[in-house]
Amino acid sequence: MSGASSGVNIPAQAPAVPGAVNLRDVGGLRAGSAVTRHGVLYRSGNLARLDEAGVSAFGSLGIRRVIDLRADDEVSQAPSPLGSLDLQMQRAPLFLGSVESFFARDVSLAELYRLLVDDSASRVVDVVRGIVVDQPVLVHCTVGKDRTGVTVAVALAAAGVDTEEVVADYARTEAHLPQWRNAAVVAHLRRLHPGAQHLEDLATRSPAPVMRDLLEDIARRYGSAADYLRANGLTDDELRELSRVLVAGGGEHPRFSG
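Residues numbered from 1 in each chain as written. Predicted model: local features only at pLDDT ≥ 70, side-chain atom pairs only at ≥ 80, totals over all residues. Heavy atoms only, no water.

Considerations on the overall build of the protein chain
Here is step 1: Of regular secondary structure, the protein chain possesses 13 helices and 7 strands.
Here is step 2: The globule rule puts the C-alpha radius of gyration for 258 residues at 18 Å, and the 17 Å found for the protein chain is close to it.
Here is step 3: Seen through its C-alpha atoms, the protein chain measures out along the principal axes to roughly 55 × 45 × 35 Å.
Here is step 4: Per-residue burial over the protein chain gives 50% buried out of 258 residues. (Helix = DSSP H or I, 4+ residues; strand = E, 2+ residues; numbered from the N terminus. Rg over C-alpha atoms; globule rule 2.2 N^0.38 Å. Buried < 20%, exposed > 50% of the residue type's maximum accessible area, 1.4 Å probe, protein only.)

Written out as C-alpha cells, the structure reads:
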C-alpha cells in the first residue's frame, strides 16, 4: 500500500467527482506501523450539486452506503441526487437544534464538538456501525467539516489511527473549501449575526488544536475514543471489525484482547 513500507504518510488524492463538496478518501493515514486502507472510508460535504456526470463519477467509486448527518430541513433543501445508484442511504442527524441556532448562540467550535460527542453519542455510534457494516462508505454533512469531522475523527481514533494523523485529516478541510463559497457564506451570516465572534470559525475553519483538544478530552473522560464508543453501546466485536476494515493489519490491537 502506498506509504506503508516507507513510513511516509501519503493521503489519497481527492476523487474527481464534479459538483461534490470536500470529498476525499481517508486512506493512507498512519496507524502505528500500519496505514488506513484506500477506497474504504470517504468523507464529504453535501452532494446536492452533482449533475449526471457527477453522479456517474460518484457511482464509479463503488460506494455501498452513504451516511447523511444532516437534519431534515437540510436534506429537503439540498437532496442528494443518488436515486439511480444501488446503495444504502443511512440517516443519522447529529445536531440537536438547527445549524442556525449555533450561529445565533455564537458557540465556539470547541463547544460545538463537545455538544456533538455528549448529546449525540448514540448517533455517533450509529455512524460507526454503518462504517462497520458496509464498505466503501461515505460519511457526509453539509460542508464535511464539523459533524463529519467529529464522527470520522472518533472512528479513526477508535480504529487505532495515530492522533496526529486524525488531527491532520480534520485540519485538511479548510483547504478543500472554495474561497468563493467561504466569502459568500460569511457575508450572508454576518448580515444575520453581525456581532458573532465565532462565526468564521464555525463556517470555514478546521483548526488542528480544536480537534486535538477534543480527542484529549475524550481520552481524559473515557480512556480513549474506543472506550467512548464502548460506553455508548458499541461492542468489542464491532470495535475489532472497525479496526479490521479501516486499517491494513487492523483488529489486532491489544485493547481488543481479553
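Digging into helix α11 (residues 208-222)
Here is step 1: A rise of 1.5 Å per residue sets the reference length of α11, with its 15 residues, at 21 Å; its end C-alpha atoms lie 21 Å apart and thus fit the reference within 8%.
Here is step 2: If you check which residues of α11 are buried, you get Val-210, Met-211, Leu-214, Leu-215, Asp-217 and Ile-218. Projected down its long axis, α11 carries its buried residues within an arc of 155°, all on one side.
Here is step 3: Its buried side turned inward, α11 meets α4 (109-119), α6 (147-158), α7 (163-171) and α12 (225-231).
Here is step 4: Two residues or fewer after α11 comes Gly-223, characterised by a positive phi angle close to 115°. (Expected span 1.5 Å × (residues − 1). Arc of directions from axis to C-beta. Contact = heavy atoms within 4.5 Å.)

Quick look at the packing of α4 against α11
Here is step 1: At a minimum axis distance of 10 Å, the contact between α4 and α11 shows a crossing angle of 40°. With respect to α11, the axis of α4 lies oblique. Note on packing geometry: the crossing formed by α4 with α11 is right-handed. Where α4 approaches α11, its residues Leu-109, Ala-110, Tyr-113, Arg-114, Val-117 and Asp-118 are matched on the opposing element by Val-210, Met-211, Leu-214, Asp-217, Ile-218 and Arg-221.
Here is step 2: Its residues assigned to classes, the contact of α4 with α11 shows 8 nonpolar, no polar and 4 charged. (Axes fitted to C-alpha atoms, helices over the stretch in contact; angles between N-to-C directions. Parallel < 35°, antiparallel > 145°, perpendicular 65-115°, else oblique. Left-handed = near helix turned anticlockwise from the far one by under 90°. Nonpolar A, V, L, I, M, F, W, Y, C, P; charged D, E, K, R; others polar.)

With respect to the confidence of the model for the protein chain
Here is step 1: Confidence along the protein chain averages 89 in pLDDT terms, with 90% of residues attaining 70 or more.
Here is step 2: Taken together, the stretch residues 1-10 has pLDDT below 50 and engages in 21 contacts with residues farther than four places along the chain or on a different chain.
Here is step 3: Counted against residues more than four places away or in other chains, residues 253-258, with its pLDDT under 50, gives 12 contacts. (pLDDT = per-residue confidence, 0-100.)

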